[in-house]
Amino acid sequence: PQRRMELSCAMAGSAAAPPGPGPPAGLMDSDDYESLPSGVALGTHMVAGAVAGIMEHAIMYPVDSVKTRMQSLQPDPKAQYRGVYEALKKMMQTEGFWRPLRGIDVTMLGAGPAHALYFACYEKMKKSLSDIFHPGGNSHLANGIAGSMATLLHDAVMNPAEVVKQRLQMFNSPYTSVLGCVRTVHRTEGFGAFYRSYTTQLTMNVPFQAIHFITYELMQEHLNPHRQYQPQSHIVAGAVAGAVAAAATTPLDVCKTLLNTQENTALSSLKIRGHLSGMANAFSTVYQLGGVPGFFKGVQARVIYQMPSTAISWSVYEFFKYFLTKHALEKKT
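Remember, predicted model here, so these are calculated numbers, not experimental data.

(A) Examining the overall build of the protein more closely. A tally of helices and strands in the protein yields 12 helices and zero strands. The 333 residues of the protein split such that 53% are buried. Carbon together with sulfur atoms contributes 65% to the accessible area of the protein, which is approximately 14,100 Å² in total.

Laid out in structure tokens, this is it:
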């Protein structure tokens, strides 16, 4: 989330405090930072999450456009790329400087509320479940379940935006604007088209977020055992968590892209009429067209996209969580 999360500095020894804006002495210790004041918590997580989601998607959007194209099962000869850099360069030279950004507006529109719900749900459930599974400590099971449940909310908001975004990103896309795409898809394929890949998205994102959150929290235990605001640890843990989760779930992402884009050339080559729907159909189609390697199309672009994407998401989220909590505690004192 995706996000994101989906969506989130020298690495010193785990006990050493890093340089940078740690909590001011006497104002906020790690307990205050981790468990926000009850009246502030939900709003704080939602604001921090929304900002993190928007920034993550905005900064990494051109690479996301490349990933969508590299996952094409039967790409046009003019849209075959050897790597991310070559793809971006070729897109800008042949289709216009701003082409890699087409569809960014609908992504921004979905990312704010999707990530606000995502982080608020994650933090709330992580705390409640940790108290049950491991009172007074951190439970990896709680982190995994909380991440998975947060994904249900995130994807419900983000899925229609993903469909429109990916159709705008494709080579020779017949759509030139978000509204035009929404109207055409709704008229020709019905409202269900915006949620055709929802189950596939969840099948991908639930394990993605479970791996992502467990890896992030595991890294935090080693890099930041006192759970203070440490930008370095949030960036490194976010990048590693994003890379591991992205590589592991690439086959499902390829299926999701196929369901979202309904890639005409690929479907007609297999004489598939109408619209492709369902996880099993998507898996079978990918295998028929590309074999096992087909499931890993765009894996390089996905990892390159996801590493900085999750690092940005977590570092922005943790910064805003710290900043808003500090502000709330200052007001109290």
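(B) Up close: the packing of helix 5 (residues 140-169) against helix 9 (residues 250-261). Where helix 5 contacts helix 9, the axes come no closer than 9 Å and their chain directions differ by 80°. Classified by the angle their axes make, helix 5 and helix 9 are roughly perpendicular. In this structure, helix 5 contributes Glu-162, Val-163, Gln-166 and Arg-167 to the contact, and helix 9 contributes Lys-256, Thr-257, Asn-260 and Thr-261. Looking at the contact of helix 5 with helix 9 residue by residue, the class counts come to one nonpolar, four polar and three charged.

(C) A look at the packing of helix 4 (residues 104-133) against helix 12 (residues 299-332). Helix 12 packs onto helix 4 with a crossing angle of 70° between their chain directions and a minimal axis gap of 13 Å. The angle between helix 4 and helix 12 falls in the class roughly perpendicular. Where helix 4 crosses over helix 12, the two elements pack in a sense that is right-handed. Of helix 12, the residues touching helix 4 (which contributes Phe-119, Tyr-122 and Glu-123) are Ser-313, Trp-314, Tyr-317 and Lys-321. Within the contact of helix 4 with helix 12, the residues separate by chemical class into four nonpolar, one polar and two charged.

(D) Representation of unusual backbone geometry within the structure. Phi is positive for Asn-172, close to 55°, though the residue is something other than glycine. In this structure, Gln-262 is a non-glycine residue whose phi angle is positive, near 50°. Along the chain, Gln-262 turns up in the loop between helix 9 and helix 10 (264-269). Take Gln-262: its relative accessible area is 5%, and that puts it in the buried class.

(E) Seen up close, helix 4. The end-to-end C-alpha distance of helix 4, which contains 30 residues, comes to 40 Å, matching closely the 44 Å that a straight helix rising 1.5 Å per residue would cover. Ala-111 marks where helix 4 bends most, by close to 30°; the proline Pro-113 follows one to four residues later.

(F) Fine view of the nonpolar core. Counting residues in hydrophobic clusters, the biggest one holds 28 residues, and the most contacted among them are Val-66, Tyr-81, Val-84, Phe-119, Tyr-122, Trp-314 and Tyr-317. Elements with a contribution of two residues or more to this core: helix 2 (41-70), helix 3 (84-95), helix 4, helix 5, helix 7 (198-223), helix 8 (231-248) and helix 12.

(G) Seen up close, the packing of aromatic side chains. One pass over the full model with this rule turns up 18 aromatic pairs. Residues Phe-97 and Trp-98 carry aromatic rings whose centres are separated by 5.0 Å and whose planes lie at 85° to one another, so their mutual orientation is edge-to-face. Residue classification places Phe-97 among the exposed residues on the basis of a relative accessible area of 55%. When its relative accessible area of 61% is taken as the criterion, Trp-98 is described as exposed. Summarising the aromatic geometry, the rings of Tyr-122 and Trp-314 are spaced 6.4 Å apart at their centres and angled 75° between planes, so their arrangement reads as edge-to-face. One end of the pair, Tyr-122, is in helix 4; the other, Trp-314, is in helix 12, and 192 residues separate them in sequence. Owing to a relative accessible area of 0%, Tyr-122 belongs among the buried residues under this scheme.

(H) How the structure looks around the environment of His-186. In this fold, His-186 is placed in helix 6 (residues 178-189). Under the relative-accessibility criterion, His-186 is labelled partly exposed at 45%. Setting aside anything within four residues of it in sequence, one finds His-186 in contact with Phe-191 and Phe-194.

(I) Expanded view of the pattern of salt bridges. In the structure shown here, the tally under the stated rule is 17 salt bridges. Of the charged contacts in the structure, one is a salt bridge between Asp-253 and Arg-302, with a shortest N-O distance of 3.5 Å. A residue pair is termed long-range when its members are at least 10 positions apart, and Asp-253 in helix 9 and Arg-302 in helix 12 qualify at 49 residues. Each member of the pair Asp-253 and Arg-302 is classed as buried. Here Lys-321 and Glu-318 are joined by a salt bridge, their closest N and O atoms 3.6 Å apart. With Lys-321 and Glu-318 both in helix 12 and three residues apart, this pair spans about one turn of that helix. Taking relative accessible area as the criterion, Lys-321 reaches 1% and is therefore assigned buried. Each member of the salt-bridge network shares a partner with another, and the members are Asp-64, Lys-67, Glu-162, Lys-165, Asp-253, Lys-256 and Arg-302.

About the thresholds
Sequence order sets the numbering: in each chain, residues are counted from 1 along the sequence as written. Given that the model is predicted, a residue must reach a pLDDT of at least 70 before its local features are reported, and side-chain atom pairs must reach 80 or more before they are shown or counted; all residues, however, enter totals for whole chains, interfaces and linings. Side-chain metrics in this entry use all non-hydrogen atoms of the structure; hydrogen atoms and water are not considered. Helix numbering and strand numbering both begin at the N terminus, where a helix is a DSSP run of H or I of at least 4 residues and a strand a DSSP run of E of at least 2. The buried label applies to any residue whose accessible area, calculated with a 1.4 Å probe on protein chains only, is under 20% of its type's maximum; exposed applies above 50%, and partly exposed to all values in between. Note that accessible areas follow from Shrake-Rupley with a 1.4 Å probe, and for residues the cover is restricted to the protein chains shown. Axes here mean lines fitted to C-alpha atoms, for a helix over just the part in contact, with angles spanning 0 to 180 degrees between N-to-C directions. Note on angle classes: values under 35 degrees are labelled roughly parallel, values over 145 roughly antiparallel, values of 65 to 115 roughly perpendicular, and the remainder oblique. In this description, contact between two residues means that some pair of their heavy atoms is separated by no more than 4.5 Å. Residues are sorted three ways: Asp, Glu, Lys and Arg are charged, Ala, Val, Leu, Ile, Met, Phe, Trp, Tyr, Cys and Pro are nonpolar, and all the rest, Gly among them, are polar. Left-handed describes a crossing whose near helix is turned anticlockwise from the far helix by less than a right angle; the clockwise case is right-handed. Expected span, for any helix, means 1.5 Å times one less than how many residues it has. Note that bend, as reported per residue, equals the angle between axes fitted to the 7 residues terminating at that residue and the 7 residues originating from it. To form a nonpolar core, buried Ala, Val, Leu, Ile, Met, Phe, Trp, Tyr and Cys residues must be joined to one another through side-chain atoms within 4.5 Å. Between the rings of Phe, Tyr and Trp (Trp by its six-membered ring), a pair exists once the centres lie within 6.5 Å; its type follows the angle of the planes, with under 30 degrees stacked, over 60 edge-to-face, and the other angles tilted. Salt bridges are defined by distance alone: a side-chain nitrogen of Lys or Arg within 4 Å of a carboxyl oxygen of Asp or Glu.

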